[in-house]
Amino acid sequence: MSRRILILGGGTGGTLLANRLRRTCGRDTRITVVDRDDEHIYQPGLLFVPFGLAEPASIVRSRRAQLRDGVEFTLGEVDRVDLAQNAVHLLDGTLLHYDVLVIATGAVLAPEETEGMLGEGWGSVVHTFYSLEGASALREALERFDCGRLVVNLIDMPIKCPVAPLEFCFLADWQLRERGVRDNVQVTFVTPLDGAFTKPVASAKLDALLGEKGIAVESEFATGRIDGAVRRIESWDGRQLEFDLLVAIPVHGGPAYVQRSEGLGNPLGFIPADRHTLRSRAAANVFVIGDAADVPTSKAGSVTHFEGEIVAENVQRFLDGEELSGCYDGHANCFIETGFQRALLIDFDYDTEPLPGRFPEPHIGPLPLLEQSRLNHLAKLAFQPLYWSVLLPGYGIPGVSSHFHPPAGAPARTGAGAGAGAAP
Amino acid sequence: MSTVTLAGTPVEVDGEGFMLDATRWNEQIAAEIAAANGISELTDRHWQVVNFMRKSYLESGSAPSIRSLGKTSGVPIRELYELFPKGPAKLAAKIGGIPKPRGCI
């Protein structure tokens, strides 16, 4: 019996899942990936573009070329998902039926949701690095910037890669020092959170690091309005901050089709899903992977990668009429560039916050957790080729489990000797 | 974590005063938490937000962010800040007897 798996989105999650499923499903299963364009961006690279540390062209490849033989690729924009009919309508009128649907359309930037962001000054004194065009424009602005107030503003959570705004601050500090103009620039990180990060131990560590580098933090600042004409941001509760160059991270939401699809998403356009099986709450044959999901973990590539193993298993089980058994634990890890060719590494899950220790093997490492090191920086650089050659094809990174606490029988690994549930 | 007495009822709260068990909550408790946080009277508009927060939390297991509140509660963000100065989502959650919104990660 012929079956069809339809995957919306050919980014990190859609690609690695399609490739994984192609290896495990028989030829009677059609696998189709739909995307509106054929440009796959290596998103971690966006952080480096404004500093001239990555060229825009070097972080973009064809989406289609990342898919195994036997995976169909359809170019088209989704109009809506019809859950009752198990079908997806594209804007060009195409109708695609599915047995299983996987939502992998990620998060989109919604700068228009913040009053004034796209007004006067957008692209000249108001920038973002969360898009390729934005990161490229910011590079030119930073090259000319040698005195004044640089404000980095996280408007609201959730955002992709929640540590990236901090990394931007660290890299800006580094570059300004290298250029000998750091003393003429005030760098301020503005966040609606009550500290640098959402998890207490890591937040304290990162707050201290910001302090060491002379980066001011304006916390619990919920930006309500950006005024590029007078170079000022205003919070909803009436505070004001002036800037000369603003690097704003726009709020994120789901793509527009989610709102046009009855019963699929939440008010922000993300897809509520079971946090362990990653099955959507909308329908039994709809799964979610990556940034599109409304589950309580980071919107990050590592999360998407770890989820891939679980979603692939559950899709297969669903098609075989078996009970879902794949269980995702919220495992996430991120390298945090801190400048001067060093980086921090954090590793956590739904229940365990990032703690000091060693990764991937406890006590052995070789990578230190929550400590700056050159090795972490090198590991982050080494990751880019692995992204294309190992991660997108749907393989695991050797030595790195999808589970924070690997299942019984697998070698134990946790970051620390202390903390909830750490290995004895 | 500690136990405090609110409106005559002993309830467990976290270090910031958020109730740990939403089922122990009642309207008198809400009024008492509100008063302790500078809101002397809970108006209909306050209740609209507090009840919406509780309903969302009890249905989905998490409290909505300010942005979702602005989109779905029927009260625009600017007014939310007038009703619940400083942090509307946090304060409304505290008054509504539900855990501190996790923000996101």
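This section reports on the structure supplied with the text.

Definitions and limits used
Residues numbered from 1 in each chain as written. Chains lettered and ligands numbered in written order. Predicted model: local features only at pLDDT ≥ 70, side-chain atom pairs only at ≥ 80, totals over all residues. Heavy atoms only, no water. Patch = residues over 30% accessible without salt bridge, like charges linked within 9 Å, V, L, I, M, F, W, Y side chains within 5 Å. Areas by Shrake-Rupley, 256 points an atom, 1.4 Å probe, with all protein chains shown as cover. Salt bridge = Lys/Arg side-chain N within 4 Å of Asp/Glu carboxyl O. Helix = DSSP H or I, 4+ residues; strand = E, 2+ residues; numbered from the N terminus. Buried < 20%, exposed > 50% of the residue type's maximum accessible area, 1.4 Å probe, protein only. Polar contact = N/O pair within 3.5 Å; in protein donor to acceptor, adjacent residues only side chain to side chain. Contact = heavy atoms within 4.5 Å. Pairing = 2+ DSSP bridges. Axes fitted to C-alpha atoms, helices over the stretch in contact; angles between N-to-C directions. Right-handed = clockwise from strand over helix to strand, strands pointing away.

Residues and elements named next belong to chain A. A contiguous nonpolar surface patch, about 250 Å² in accessible area, is contributed by Leu375, Leu378 and Leu381. Tracing the backbone through its elements, the reader meets Leu378 in helix α7 (residues 374-391). When its relative accessible area of 38% is taken as the criterion, Leu378 is described as partly exposed.

With that settled, the discussion passes to the side chain of Ser73 of chain B. Residue and element names in this part refer to chain B. Along the chain, Ser73 turns up in the loop between α3 (66-72) and α4 (77-83). For Ser73, a relative accessible area of 6% corresponds to the buried category. Among the polar contacts listed, one links the side chain of Ser73 to the backbone nitrogen of Val75, at a separation of 3.2 Å. In contact with Ser73, not counting residues within four places along its chain, are Gln48, Phe52 and Ser68.

Let us look at the interface of chain B and chain A. Facing the 14 residues of chain B at the interface are 24 residues of chain A. For the pair chain B and chain A, the interface holds four salt bridges. A salt bridge links Lys100 of chain B to Asp194 of chain A, with the nearest nitrogen and oxygen atoms 3.5 Å apart. Joining chain B to chain A, the criterion identifies four residue pairs in polar contact (both at pLDDT 80 or more). Of all elements in the fold, only α3 and α4 of chain B reach the threshold of two or more residues within the side of chain B that touches chain A.

All names here are of chain A. In this fold, Ala54 is placed in the loop between β3 (39-41) and β4 (60-62). Given a relative accessible area of 12%, Ala54 falls into the buried group. Separated by 337 residues in sequence, Ala54 and Leu391 have C-alpha atoms that sit 20 Å apart. Apart from residues no more than four positions distant in its own chain, Ala54 is found in contact with Gly45, Phe48, Val49, Ile59 and Arg139.

A few words on the pattern of salt bridges. Residues and elements named next belong to chain A. Per the stated rule, a full pass over the model turns up 30 salt bridges over all chains. Arg149 is paired through a salt bridge with Asp244; the nearest N and O atoms lie 3.0 Å apart. Within this pair, whereas Arg149 is found in strand β12 (residues 148-154), its partner Asp244 is found in the loop between β17 (240-242) and β18 (245-249), the two being separated by 95 residues in sequence. The residue Asp173 makes a salt bridge to Arg177 at a minimum N-O spacing of 2.9 Å. Of this pair, Asp173 and Arg177 both sit in helix α3 (residues 164-178), four residues apart, which is roughly one turn of the helix. Overall, Asp173 belongs to the buried group, its relative accessible area being 1%. One continuous salt-bridge network, built from bridges that share partners, spans Glu115, Arg225, Asp227, Arg232 and Glu234.

This paragraph deals with the sheet that holds strand β15 (residues 223-227) of chain A. Sheet strands pair via backbone hydrogen bonds, and the direction of the pair is either parallel or antiparallel. All names here are of chain A. Across the sheet, which stays open at both edges, the three strands sit in the order β15-β16-β17 with antiparallel pairing between neighbours. Each edge of the sheet is formed by a strand with only one pairing partner; in this case those strands are β15 and β17. With direction set aside, neighbouring strand axes in the sheet form an average angle of 20°. Sheet topology note: the β15/strand β16 (residues 232-235) ladder contains four bridges and is antiparallel. For Arg225, the partnering residue across the bridge sits in β16 and is Glu234.

Another aspect to go through is the pairing of β12 of chain A. Residues and elements named next belong to chain A. Counting buried positions over the seven residues of β12 gives six, a clear majority of the element. Summarising the sheet, β12 and strand β13 (residues 185-190) pair through six bridges and their orientation is parallel. Considered in β13, the bridge of Arg149 is made with Gln186. Following the chain from β12 across α3 to the adjacent parallel β13, one finds a crossover that is right-handed.

Moving on, we come to the sheet that holds strand β9 (residues 100-103) of chain A. All names here are of chain A. What the five strands build is an open sheet, ordered β5-β2-β1-β9-β21; its pairing is parallel. Because the sheet does not close on itself, it has two edges, and the strands there are β5 (71-75) and β21 (286-288). When the angles between neighbouring strand axes are averaged without regard to direction, this sheet yields 20°. Bridging between strand β2 (residues 29-35) and β5 involves five bridges; their strand directions are parallel. Within the sheet, the bridge partner assigned to Val33 lies in β5 and is Phe73. Packing against the sheet, helix α1 (residues 12-24) makes contact with β1 (3-8), β2, β5 and β9, and its axis sits at approximately 170° to β2. In the packing of helix α6 (residues 301-319) onto the sheet, contacts are made with β1, β9 and β21, and the angle to β21 comes to roughly 175°.

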